[in-house]
Amino acid sequence: MMDKQTALEMLKNATPKTTKTEEVLLDSALGRVLAADVLADMDAPPFFRSAMDGYAFRSEDVPEGGGVIQVAGLVAAGEVFEGSVDPGFCVKIMTGAPVPDGLDAVQMVEKTESQDGGTVMILESCRPGQNIAPKGQDMIEGEVVLRRSTTIRPIEIGMLATLGQAKVEVFCQPKVTVLATGDELVAPGMGRPGPGQIRESNGSMLAAQVRALGLGIDADFAGIIADTKEATRGAIEANMDADVLILSGGVSMGDFDYVHHELIERGLEVLIQSVAIKPGKPLLFGRLTRPDGSFVWVFGLPGNPVSSFCTFELFVRPFLRGLLGLQAPHTLELRVPLVQEIRGKSIPRTQHLPARIHVGAEGLSVTQVPWHGSGDLRGLLDANGFIVIEAGAVMPGPGDLVAVVLTEPETFRLPAHLSRFEA
Ligand code: AMP
Ligand code: MG
């Protein structure tokens, strides 16, 4: 059995970096990962820009206590003042308009009084440069503004638009397919489970976890596979077009767990098999080779819903992020003071206990949520992370700092009843 750290190292070293890129329209680029640096195509601001509605003049023309000055004209945003402004003159100027050559200050309109005879009283003097955004202050033409391997958030969309990018070069998405195994499973919508049956939950949940990465990767839940060799083999064969195949269930030691066996039969190169974690010990990771030599990366996740959820967050998440060339860390791990004693004892595996991270006036704190083991998805509803207890570690007590992994850090949310600050 591999320890968690070794398994994560192994996963990291095995993760290939996607090199295929494609061009997408800016409006479809949210969540995608930039495949090339993006440079400034011009200075920003592109000219000395007025930051205020007011009057532009030479700072030396207005004495400390203010003064009256002749108005030579007006310049609005989108216009350029024709000609030059003689010493002793000012122009009325709007926010965003280019400051005419030779002028070095803008006084806001609120600190002026317009007067008869084409003059204005500037009530307060200005220092040179006041209320003017200098040309090239934000970026210089040719400068790298957005780096390759950046995730495109709304702010990057705005920046890309600023840089004139109507189309964006991004990494291609992997094709991700999810399969659930289990004779006992009844899909939602297929009626009430009969005797001995339970509802299938992992297929849709794992596909949603892929989407929740916020990288624009879609995942296809391709259905439930019966616990037979033939069905398992057939499903693997039918999904060899996936770049990443996530199977739930059937990887343990039960009499009808065929996933491991059939993957090996199909030539799986095993990279991780059985990790000293709880939940999730039977985790399997490896790769199948297609006839053309390319790989199908395969995760076999244990079927208990909490195990599936947790092993996705710990292993599949970093794999998919790494595939798109994103930099570590892929999981957000914090050290947070524990509020209450932990129920449970130290074991020779790294434990992940569903937990609730509170945001209080004093900062963060964490409590374990009540749950009944890895079949209890309901208990996980109140959790927004897992307390990590290292293999063999002394159990922490109240006030101790414990490691906490946030689940879905991209969409970190407090459970509904905690969505206000607590004292
Ligand atoms: P397995 O890993 O196949 O041995 O399954 C472990 C436990 O998880 C069993 O109790 C299964 O009934 C349950 N289980 C497996 N797959 C799913 C699934 N897709 N949805 C809900 N429960 C599942
Ligand atoms: Mg099963």
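Residues numbered from 1 in each chain as written. Chains lettered and ligands numbered in written order. Predicted model: local features only at pLDDT ≥ 70, side-chain atom pairs only at ≥ 80, totals over all residues. Heavy atoms only, no water.

## Things to note about the overall build of the protein
Alright, step 1. Across its full length, the protein holds seven helices and 26 strands.
Alright, step 2. The C-alpha radius of gyration of the protein comes to 30 Å, more than 25% above the 22 Å expected for a compact globule of 423 residues.
Alright, step 3. Over its C-alpha atoms, taken along the principal directions, the protein stretches across nearly 100 × 55 × 45 Å.
Alright, step 4. Across the 423 residues of the protein, 46% fall into the buried class.
Alright, step 5. For the protein, restricting intrachain contacts to residue pairs at least 6 apart in sequence, the fraction spanning at least 24 positions comes to 71%.
Alright, step 6. Working note: accessible area of the protein is about 20,600 Å², and carbon and sulfur atoms make up 53% of it.
Alright, step 7. On the protein, the mean spot of the 36 positive side-chain charges and the mean spot of the 53 negative ones are 9 Å from each other. (Helix = DSSP H or I, 4+ residues; strand = E, 2+ residues; numbered from the N terminus. Rg over C-alpha atoms; globule rule 2.2 N^0.38 Å. Buried < 20%, exposed > 50% of the residue type's maximum accessible area, 1.4 Å probe, protein only. Contact = heavy atoms within 4.5 Å. Areas by Shrake-Rupley, 256 points an atom, 1.4 Å probe, with all protein chains shown as cover. Lys, Arg positive; Asp, Glu negative; His and termini not counted. Charge placed at Lys NZ, Arg CZ, Asp CG, Glu CD.)

## Focus: the site of ligand 1
Alright, step 1. Surveying the vicinity of ligand 1 reveals 16 residues, the closest of which are Glu184, Glu200, Ser201, Gly250 and Gly303.
Alright, step 2. One nitrogen or oxygen atom from the side chain of Asn202 is found 3.4 Å from a nitrogen atom belonging to ligand 1.
Alright, step 3. Measuring from an oxygen atom of ligand 1, one finds a backbone N or O atom of Gly250 at 2.8 Å.
Alright, step 4. Expressed as a share of its isolated accessible area of 470 Å², the protein-covered part of ligand 1 is 79%.
Alright, step 5. Listing elements by their share of the shell around ligand 1, those giving two or more residues are strand 13 (176–181) and strand 15 (198–199).
Alright, step 6. For the shell around ligand 1, the per-class residue count stands at five nonpolar, eight polar and three charged. (Near = heavy atom within 4 Å. Polar contact = N/O pair within 3.5 Å; in protein donor to acceptor, adjacent residues only side chain to side chain. Nonpolar A, V, L, I, M, F, W, Y, C, P; charged D, E, K, R; others polar.)

## Here we look at the sheet that holds strand 8 (residues 112–115)
Alright, step 1. What the six strands build is an open sheet, ordered 7-4-6-5-9-8; its pairing is mixed. A single partner strand is all that each edge strand has here, and the edge strands are strand 7 (105–108) and strand 8. Averaged over all pairs of adjacent strands, the angle between their axes in this sheet comes to 40 degrees, without regard to strand direction.
Alright, step 2. Bridge analysis of strand 4 (residues 54–57) against strand 7 gives four bridges, and the strand direction is antiparallel. Within strand 7, the position partnered with Phe57 by the bridge is Ala105. (Pairing = 2+ DSSP bridges. Axes fitted to C-alpha atoms, helices over the stretch in contact; angles between N-to-C directions.)

## A look at helix 6 (residues 305–323)
Alright, step 1. Its 19 residues place the ends of helix 6 25 Å apart at the C-alpha level, agreeing with the 27 Å of an ideal helix rising 1.5 Å per residue.
Alright, step 2. Taken as a whole, helix 6 carries its principal kink of about 45 degrees at Phe312.
Alright, step 3. Counting buried residues along helix 6, 19 of its 19 residues qualify, which places the element largely inside the surrounding structure.
Alright, step 4. Just beyond helix 6, the residue with positive phi is Gly325, at close to 80 degrees. (Expected span 1.5 Å × (residues − 1). Bend = angle between axes of the 7 residues up to and from the residue.)

## Brief notes about the sheet that holds strand 13
Alright, step 1. One open sheet accounts for six strands, arranged 16-13-17-21-20-18; its pairing is mixed. Here the strands that pair on one side only, and so sit at the sheet edges, are strand 16 (219–225) and strand 18 (269–273). Taking the axes of each pair of neighbouring strands and ignoring which way they run, one obtains an average angle of 20 degrees across the sheet.
Alright, step 2. Pairing of strand 17 (residues 244–248) with strand 21 (residues 295–301), which is carried by five bridges, proceeds in the parallel orientation. Opposite Ser248, over in strand 21, you have Leu301 as the bridge partner.

## Brief notes about the nonpolar core
Alright, step 1. By size, the foremost hydrophobic cluster in this structure holds 44 residues, and its most contacted members are Ile246, Phe285, Phe299, Phe315, Phe319 and Leu320.
Alright, step 2. With 10 residues, the top contributor of residues to this core is helix 6.
Alright, step 3. Each residue touching Phe285, except ones within four places of it in the same chain, is listed here: Leu11, Ala14, Glu269, Val270, Leu271, Ile272, Trp297, Val298, Phe299 and Phe319. (Core = buried A, V, L, I, M, F, W, Y, C linked by side-chain atoms within 4.5 Å.)

## Let's talk about the domain arrangement of the protein
Alright, step 1. You can read the domains of the protein as domain 1 (4–19 + 173–323), domain 2 (21–41 + 148–171), domain 3 (49–133) and domain 4 (333–421).
Alright, step 2. Using C-alpha coordinates to define each centre, domain 3 is positioned 59 Å away from domain 4. (Domains from an automatic or database assignment.)

## As for the side chain of Arg58
Alright, step 1. Here Arg58 lies in the loop between strand 4 and strand 5 (67–75).
Alright, step 2. One buried charged residue, Arg58, remains without a salt bridge, the closest side chain of opposite sign being Asp61 at 4.5 Å.
Alright, step 3. Polar side-chain contacts of Arg58 include one of 3.2 Å to the backbone oxygen of Asp86. (Salt bridge = Lys/Arg side-chain N within 4 Å of Asp/Glu carboxyl O.)

## What about the environment of Thr119?
Alright, step 1. Mapping Thr119 onto the fold places it in strand 9 (residues 119–122).
Alright, step 2. Accessibility expressed as a relative area gives 13% for Thr119, which makes it buried.

## Remarks on the packing of helix 1 (residues 4–14) against helix 6
The description of two helices packed together rests on the angle between their axes and the distance between the axes.
Alright, step 1. Running from N to C, helix 1 and helix 6 point in directions that differ by 20 degrees, and their axes come no closer than 10 Å. Relative to helix 6, the element helix 1 is oriented roughly parallel. The interaxial crossing formed by helix 1 with helix 6 has right-handed handedness. Contacts from Lys4, Ala7, Leu8 and Leu11 in helix 1 reach Leu314, Phe315, Pro318 and Phe319 in helix 6.
Alright, step 2. Residues that form the contact of helix 1 with helix 6 fall into these classes: seven nonpolar, no polar and one charged. (Parallel < 35°, antiparallel > 145°, perpendicular 65-115°, else oblique. Left-handed = near helix turned anticlockwise from the far one by under 90°.)

## Quick look at the pattern of salt bridges
When their charged atoms lie close together, side chains carrying opposite charge are able to pair.
Alright, step 1. For the coordinates displayed, the defined rule picks out 12 salt bridges.
Alright, step 2. Across the pair Arg266 and Glu237 runs a salt bridge whose closest N-O atoms are separated by 2.8 Å. Taken together, the residues span a long stretch of sequence, with Arg266 in the loop between helix 5 (259–265) and strand 18 and Glu237 in helix 4 (residues 229–238) at a distance of 29 residues.
Alright, step 3. Since its relative accessible area comes to 26%, Arg266 is described here as partly exposed.
Alright, step 4. One salt bridge connects Asp382 with Arg356, and the closest N-O pair in it is separated by 4.0 Å. Placement of the pair is Asp382 in the loop between helix 7 (377–380) and strand 25 (385–389) and Arg356 in strand 23 (residues 350–360), with a sequence separation of 26 residues.
Alright, step 5. Residue class for Arg356 comes out buried when judged on its relative accessible area of 18%.

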